[in-house]
Amino acid sequence: MIDVIQFVKLRPEVQAELEARYRVHWKDKFDAVAGIVRAAVTNGHSGPAPELIDRMPRLEIIASASVGYDGIPVEYARSKGIPVTNTPEVLNDDVADLAIGLMIMTARRLVASDRYVRAGRWPQEGEYPLAQRASGKRVGILGMGRIGRAIGRRAEAMNNTVAYHSRHPVTDVAWRHYPDLVELARDSDFLIVIIPSTPQTGKIVSKAVIEALGPTGILVNVARGAVVDEEALVEALQSGKLGGAGLDVFVNEPQVPQVLFGMDNVVLQPHVGSATVETRRAMSQLVLDNLDAHFAGRPLLTEIK
Ligand code: 8YV
């Protein structure tokens with residue numbers, strides 16, 4: 001049997017299949033099994049770091065249950081001849097749903113108004129203050145990959161005008177491309193962030209971008225905390241320079257800036273973009289399928305190039 005080390009668990013039904021076909025070891029036994037493992041199962045934020053890769057001389061493949069791979073040293077692994085796979089496509093709809101959900105929830109103040117009902121304030125205080133529309137507006141998307149396209153289609157179905165910023169215009173969408181992110185933010189009511197976290201995209205949503213979005217603008221981040229200047233974001237929300245924010249991701253997860261907890265114009269989620277049983281099952285299955293393909297000598301299904 002082929003030895004596999006797991007840095008994260010898969011969904012139970014896929015985990016059972018993995019255990020039926022491979023000899024599985026957990027990361028807490030790393031020292032004992034580093035010399036024999038030929039595959040590592042991980043996700044976008046759980047490594048293994050280069051030092052650990054160096055300590056696994058027989059490692060042939062790293063399979064990640066995530067689309068993002070900012071926490072995996074992909075180039076380092078590849079330089080050692082170890083391919084890395086991720087799970088693109090299968091989570092597009094879930095992440096796009098959450099992005100649009102956050103856009104609506106933040107604009108319409110759905111979480112704050114839910115709290116209003118639960119606190120028994122409706123009969124006492126009457127009508128809840130008016131919110132903002134989430135349709136018929138201008139939606140800017142930062143990042144126009146697979147998930148960006150799925151978000152754009154949904155935003156458009158709500159009669160929003162869609163525009164986007166990415167390094168290069170993409171040829172298969174008709175939406176307007178903005179070469180300048182500040183300009184896109186200035187021309188948007190909502191800015192939805194779905195760009196990979198890389199050294200180049202760190203804090204790409206800067207103070208200038210946030211302030212260009214402005215006092216009635218809403219920022220939605222379903223990418224990674226690191227791509228937003230979180231300090232500038234908090235400050236802009238406190239001072240009213242930004243209208244609101246719907247956030248699924250943070251710089252220092254699971255820590256969230258506590259000052260956001262009291263803000264009714266902010267909706268917070270615990271990094272759940274892909275967190276449905278259907279999608280997590282599909283992600284797990286793709287991890288297993290990549291391992292199976294590799295050890296059967298077939299081409300990998302979703303290798304990160
Ligand atoms: C989860 C994600 O964080 O796919 C990604 O990049 O951010 C998420 O799906 C996670 O990796 C699930 O294990």
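J.: Sorry, what's going on with the nonpolar core here?
T.: Nonpolar side chains in soluble globular proteins tend to end up buried together. Counting 31 residues, the largest nonpolar core has Met-103, Ile-141, Ile-151, Ile-192, Val-220 and Val-222 as the members making the most contacts within it. Mapped by element, the contributors of at least two residues to this core are helix H5 (92-107), strand E6 (138-142), helix H8 (146-157), strand E7 (161-165), strand E9 (190-193) and strand E10 (218-221). Of all the elements, H5 adds the most residues to this core, at eight residues. Judged by nonpolar contacts, the second largest core, of 30 residues, contains Ala-163, Leu-181, Ala-236 and Phe-250.

J.: Looking at this structure, how should I read the packing of aromatic side chains?
T.: Each aromatic ring pair is described using two quantities: the centre-to-centre distance and the angle formed by the ring planes. Using the criterion set out here, one finds two aromatic pairs in the structure. The lysine or arginine in question, Arg-176, covers the ring of Tyr-178, its NZ or CZ lying 4.1 Å from the ring centre.

J.: It is not clear to me how the environment of Trp-26 should be interpreted in this structure. Could you clarify?
T.: Note on placement: Trp-26 falls in strand E2 (residues 22-26). Those residues in contact with Trp-26, other than ones at most four positions away along the chain, are Ile-5, Gln-6, Val-8, Lys-9 and Gln-15.

J.: What am I meant to see in the sheet that holds strand E5 (residues 84-85) here?
T.: Strands in a sheet are paired, the pairing made by backbone hydrogen bonds, and the direction either parallel or antiparallel. Strand order across the open sheet formed by five strands is E2-E1-E3-E4-E5, with parallel pairing between neighbours. Whereas interior strands pair on both sides, the edge strands pair on one side only; in this sheet they are E2 and E5. Where strand E1 (residues 2-6) lies against E2, five bridges are found, and the strand directions are parallel. Considered in E2, the bridge of Asp-3 is made with Arg-23.

J.: I tried to follow the environment of Met-263 on my own but got confused; where do I start?
T.: Looking at where Met-263 falls in the secondary structure, it is placed in the loop between strand E11 (244-247) and strand E12 (266-268). We classify Met-263 as buried; its relative accessible area is 12%. Residues Met-263 and Gly-244, spaced 19 residues apart in sequence, show a C-alpha to C-alpha distance of 8.8 Å. Excluding anything up to four places from it in sequence, Met-263 contacts Arg-115, Leu-237 and Gln-238.

J.: Explain empty space enclosed by the protein here, please?
T.: Unoccupied space between atoms shows up once a probe the size of one water molecule is rolled over them. The tally for this structure, following the rule as stated, stands at one cavity of 30 Å³ or more. Its boundaries defined by the atoms lining it, the largest cavity holds a volume of some 40 Å³. In terms of lining residues, the largest cavity is bounded by Asn-221, Gly-225, Val-228, Glu-230, Leu-233, Leu-247, Val-249 and Phe-250. Of the residues assigned to the lining of the largest cavity, the class counts are five nonpolar, two polar and one charged.

J.: Would you mind going over the domain arrangement of the protein with me for this structure?
T.: Often the size quoted for an interface is simply the accessible area lost on bringing the parts together. Entries for the protein in the domain assignment read domain 1 (3-89 + 277-295) and domain 2 (92-268). Placing the centre of domain 1 and that of domain 2 at their C-alpha centroids yields a distance of 32 Å. Residue-level contacts link seven residues of domain 1 with six residues of domain 2. Here domain 1 packs against domain 2, burying approximately 610 Å² in sum over the two surfaces, 39% of which is carbon and sulfur. It is Asp-70, Glu-89 and Thr-279 in domain 1 that bury the most area against domain 2; as a group they hold 66% of the surface buried on that side. Where domain 1 meets domain 2, there are one salt bridge. Salt-bridge contacts for Arg-224 lead to Asp-70; the nearest nitrogen and oxygen are separated by 2.9 Å. At the junction of domain 1 with domain 2, the criterion picks out three residue pairs in polar contact (both at pLDDT 80 or more).

Basis of the calculations
Residues numbered from 1 in each chain as written. Predicted model: local features only at pLDDT ≥ 70, side-chain atom pairs only at ≥ 80, totals over all residues. Heavy atoms only, no water. Core = buried A, V, L, I, M, F, W, Y, C linked by side-chain atoms within 4.5 Å. Buried < 20%, exposed > 50% of the residue type's maximum accessible area, 1.4 Å probe, protein only. Helix = DSSP H or I, 4+ residues; strand = E, 2+ residues; numbered from the N terminus. Phe/Tyr/Trp six-rings, centres within 6.5 Å; stacked < 30°, edge-to-face > 60°. Lys NZ or Arg CZ within 6 Å of the ring centre and 35° of its normal. Contact = heavy atoms within 4.5 Å. Pairing = 2+ DSSP bridges. 1 Å grid on protein atoms, 1.4 Å probe; cavity = no way out; pocket = protein on both sides within 12 Å on 5 of 7 lines; lining within 4 Å. Points joined across faces, edges and corners; volume = space filled by probe spheres on them. Nonpolar A, V, L, I, M, F, W, Y, C, P; charged D, E, K, R; others polar. Domains from an automatic or database assignment. Buried area = accessible area lost by both parts, 1.4 Å probe. Salt bridge = Lys/Arg side-chain N within 4 Å of Asp/Glu carboxyl O. Polar contact = N/O pair within 3.5 Å; in protein donor to acceptor, adjacent residues only side chain to side chain.

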